[in-house]
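# A structural walkthrough
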Amino acid sequence: MNKTYRFHRSGDLPNDREPVLLRKRTRSQRGPLHLISADPYTITDEFGTRPIETYGNLTEARPITLTRREADLIALANPGIVPPAVLEDLHPWLPEQRYLNDSALSFDALRTIVRRYHHHLVSPTSYCDEKWSTICNALRRRSLLDARFYTAWHLPIQDVHILEERRQDRSVISIDFNGMYPACMQQLFPKPADLRLISLDRRLDETETLGIGLYKCILEGPSTDFITRYNPLRSFHCGRHLRTGLDEAIEVDLNEFEVEFFRKHFRAIHLVESVVSDKTVRHPLAKEVQRSFANRQSYRKQGNKALADREKFLATLMASSASRPSRPRRKFSTRSLAMDAMKGTYGIDVPLDEPDTATEIWLQGRRGIRLFEEADAVVVQGPNLRDGSACHLLGQRIVARGRIILLAMMERIHACAPDVQICYTNIDSIHFSLPTEHLDKVLTWLRSECSEEMGSFKIEAVTRHGLWLEPGRYWLYSDGVEKFRNRGIGDRRQPFKDHAIHVASRQLDELHVPIRATLRMETTMSPLRSLRRNPESGLTHQYLMETGSSTPFAEILSGLEANSRNAIPIRMAAFRNLEQELESPRFAATKRAKNRGRFRLRAK
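This structure is a prediction, so every number in the text was calculated from the model and none was measured. (Residues numbered from 1 in each chain as written. Predicted model: local features only at pLDDT ≥ 70, side-chain atom pairs only at ≥ 80, totals over all residues. Heavy atoms only, no water.)

## A closer look at the nonpolar core
So the rule is basically this: What makes a nonpolar core is a set of buried Ala, Val, Leu, Ile, Met, Phe, Trp, Tyr and Cys residues whose side-chain atoms join them at distances within 4.5 Å. The cut-offs for exposure are 20% and 50% of the maximum accessible area for each residue type, with area from a 1.4 Å probe on protein chains only; residues under the lower value are buried, those over the upper are exposed, and the others partly exposed. Strands are runs of DSSP state E lasting at least two residues, helices are runs of H or I lasting at least four, and both sets are numbered from the N terminus onward. In this analysis, two residues are considered to be in contact whenever any of their non-hydrogen atoms come within 4.5 Å of each other.
Ile-173, Leu-219, Phe-262, Ile-430 and Phe-432 are the most contacted members of the largest nonpolar core, which totals 78 residues. Among the elements that line this core, the one with the most residues is helix H13 (residues 392–414), at eleven residues. Apart from residues no more than four positions distant in its own chain, Leu-219 is found in contact with Leu-233, Ala-249, Ile-250, Val-252, Leu-254, Phe-266, Ala-268 and Ile-269. Of all hydrophobic cores here, the second largest spans 19 residues; its members include Ala-338, Met-342, Ile-369 and Val-380.

Structure, rendered in structure tokens:
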């Protein structure tokens, strides 16, 4: 049987069913910022300009630069010293700032930004701690059964189905939801202090309405073309979340509204047990995110993009503020005891054929859990699911509701016109292509339903073509690139930037060692997807690697190697071809001619 959870399976439920008191986090007092700027040879602060090597003489606790490039220069010139923080990293909503290659000019720009937005520069950690205090005051306690929500399926919908849409008789539409997670925070939640475990062991009745809570289900037999083509279920294998095979039964924890959606797409659903509550509560921050969304709309109408983006950023923080548990260290005498503890607590049940070395790679903190050895013990550092430092059901149900909203919209799009192809989905956005002859009809339908309201959607772009490499990397284009994103590499101005210079700081005891690295697109792309060309449509489809209950480790490793060797070069070739096509002199001349023709038509 396949299983869809955060890790390999659900964790063991605690014996103590008494609710625990939610505990507020201690707010740290942070010192004032020390503004500093840099170029390759000098640094500038309020004391003037001096050689960059003198950065180590600063005694202030919180030096900060405007751009990442300046912090990298300081780190490379002062090895062994903690590099400064970066304003654009701490506050990504700020207007984009370019590196000026002059420390004095950069310092003037930094002071201007800080002076303009001083009252809006709130530490994300402090902000989340403040909102967690509001949650603690409202909810007071949580049951330890809340841990089941931590081990449940936690991922949003992020997938790529098509490599490129270049057919001449097709159009591409991109839609994006307004305030997806703030809208999901308006739902009802089971009261965390009153959760109870109920054993069910029966089939879901066709007309049954489930109570509010989380249900351990067994899904049997996909019954629709939609779920087969756009299967959103994911299983954890070899440190990665892979597509869950539908050829065998699937065990998964689903909220009641998810069960309602999937009952249409599977022949049978068996209910094993549930964690439910007879009492419901509103999210303690529901009204606050409503106000934040209203402020965001107001700033947008005023043309203040920075503060509108800030409200969006703060809303995202509020949605996750209840899911930041303490992470204590637990010591064990042997590795076997440590693995048993992680199996019971987090549901980490490593397959027998997975080498210890492979397991240690993904247990280095990337999944929120660390396993490492000290002189006399094996240490596990991970979320404490038995104290009052978090309330996992709030965040889990927000993400789960977002999944269902997106899947329901995908289902409607799939049926809105003949030969619709969903190309790309990412949390709150959908890109799809359709025959151009149906474009007007579909746009009329979308425009009749879209709005600026929270939880509704807007039409982001309508183009003739699109290129989708992986989640977070796409280009929508007609005569030129109209909308793009190149996660981790590109910026807002250069659609075809293919590398980034990055300086990482590695700490050795008390020394901070800077390491300069060039990140290239081909080395940062995921090997999880294979490519297959459909000779009838001419499309190249992307398929996330699929896993089953008996899939061997060697097969997964072989698939990853094959995709690195074959699929990634093909995706990079498509990117290079698009760059060459759109930036070639011939294409530019053709584009100018088309624009002149359009201008003459408008003039007439």
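Here the narrative resumes.
## Some details on the pattern of salt bridges
Definition in use: What counts as a salt bridge is simple: a side-chain nitrogen of Lys or Arg found within 4 Å of a carboxyl oxygen of Asp or Glu.
Enumeration according to the criterion identifies 49 salt bridges in this entry. The closest approach of N and O atoms between Glu-164 and Arg-166, which form a salt bridge, is 3.1 Å. Exposure remark for Glu-164: the relative accessible area of 14% places this residue in the buried category. Looking at Arg-166, the relative accessible area reads 37%, which means it is partly exposed. As a salt-bridge pair, Glu-579 and Arg-576 come within 3.7 Å of each other at their nearest N and O atoms. Here Glu-579 pairs with Arg-576, and both are found in helix H16 (residues 553–583), just three residues apart, close to one helical turn. Each of the salt bridges in this network shares a partner with another, and the network as a whole consists of Glu-165, Arg-167, Arg-170 and Asp-419.

## Focus on the sheet that holds strand S4 (residues 37–38)
Rules: Any two strands with at least two DSSP bridges between them are considered paired. Helix axes are fitted only over the stretch in contact, all axes being lines through C-alpha atoms; the angle between N-to-C directions runs from 0 to 180 degrees.
What the three strands build is an open sheet, ordered S4-S5-S6; its pairing is antiparallel. A single partner strand is all that each edge strand has here, and the edge strands are S4 and strand S6 (48–51). Two elements, strand S5 (residues 42–45) and S6, share four bridges in a ladder whose sense is antiparallel. Across the sheet, the residue bridging to Thr-44 is Thr-49, located in S6. In the packing of helix H3 (residues 103–117) onto the sheet, the strands contacted are S4, S5 and S6, and the crossing angle to S5 comes to about 30 degrees.

## With respect to the sheet that holds strand S15 (residues 213–222)
Strand order across the open sheet formed by five strands is S1-S18-S15-S19-S14, with mixed pairing between neighbours. Of all strands in the sheet, those bounded by a partner on one side alone are strand S1 (2–4) and strand S14 (196–203). Adjacent strand axes in the sheet meet at a mean angle of 25 degrees, parallel and antiparallel pairs treated alike.

## A short note on the packing of H13 against helix H14 (residues 439–449)
To characterise two packed helices, one gives the angle between the axes of the helices and the distance between these axes. Worth spelling out the cut-off: When an angle is under 35 degrees it counts as roughly parallel; over 145 it counts as roughly antiparallel; between 65 and 115 it counts as roughly perpendicular; any other value is oblique. Just so you know the grouping, Ala, Val, Leu, Ile, Met, Phe, Trp, Tyr, Cys and Pro go in nonpolar, Asp, Glu, Lys and Arg go in charged, and all remaining residues, Gly too, go in polar.
Contact geometry of H13 with H14 gives a least axis separation of 12 Å together with a crossing angle of 150 degrees. Taken together, the axes of H13 and H14 lie roughly antiparallel to each other. Packed against H13, whose contacting residues are Met-409, Arg-412 and Ile-413, the element H14 presents Trp-445, Leu-446 and Glu-449 at the interface. A per-class count over the contact of H13 with H14 returns four nonpolar, no polar and two charged.

## Details of empty space enclosed by the protein
Threshold: In this analysis the probe radius is 1.4 Å and the grid spacing 1 Å, with only protein atoms considered; a cavity is a set of points the probe fits into but cannot get out of, a pocket is an open set with protein on both sides within 12 Å along at least five of seven lines, and lining residues have an atom within 4 Å of a point. Grid points are joined across faces, edges and corners, and a volume is the space filled by probe spheres set on the points.
Inspection of every chain in the model, using the stated rule, returns three cavities of 30 Å³ or more. There is about 100 Å³ of room inside the largest cavity. Counting only elements with at least two residues in the lining of the largest cavity, the list comes to helix H5 (147–151) and helix H11 (335–346). Looking at the lining of the largest cavity, the element that brings in the most residues is H5, giving three residues. Of the residues in the lining of the largest cavity, the class split is four nonpolar, four polar and three charged. Taken as a whole, the second largest cavity holds about 40 Å³ of empty space. The wall of the second largest cavity is formed by His-91, Trp-93, His-120, Val-122, Ser-123, Pro-124, Tyr-127, Arg-310, Phe-313, Leu-314 and Leu-317. Going through the elements one at a time, helix H4 (124–139) and helix H10 (305–320) are the ones with two or more residues in the lining of the second largest cavity. No other element matches the four residues that H10 contributes to the lining of the second largest cavity. By residue class, the composition of the lining of the second largest cavity is seven nonpolar, three polar and one charged.

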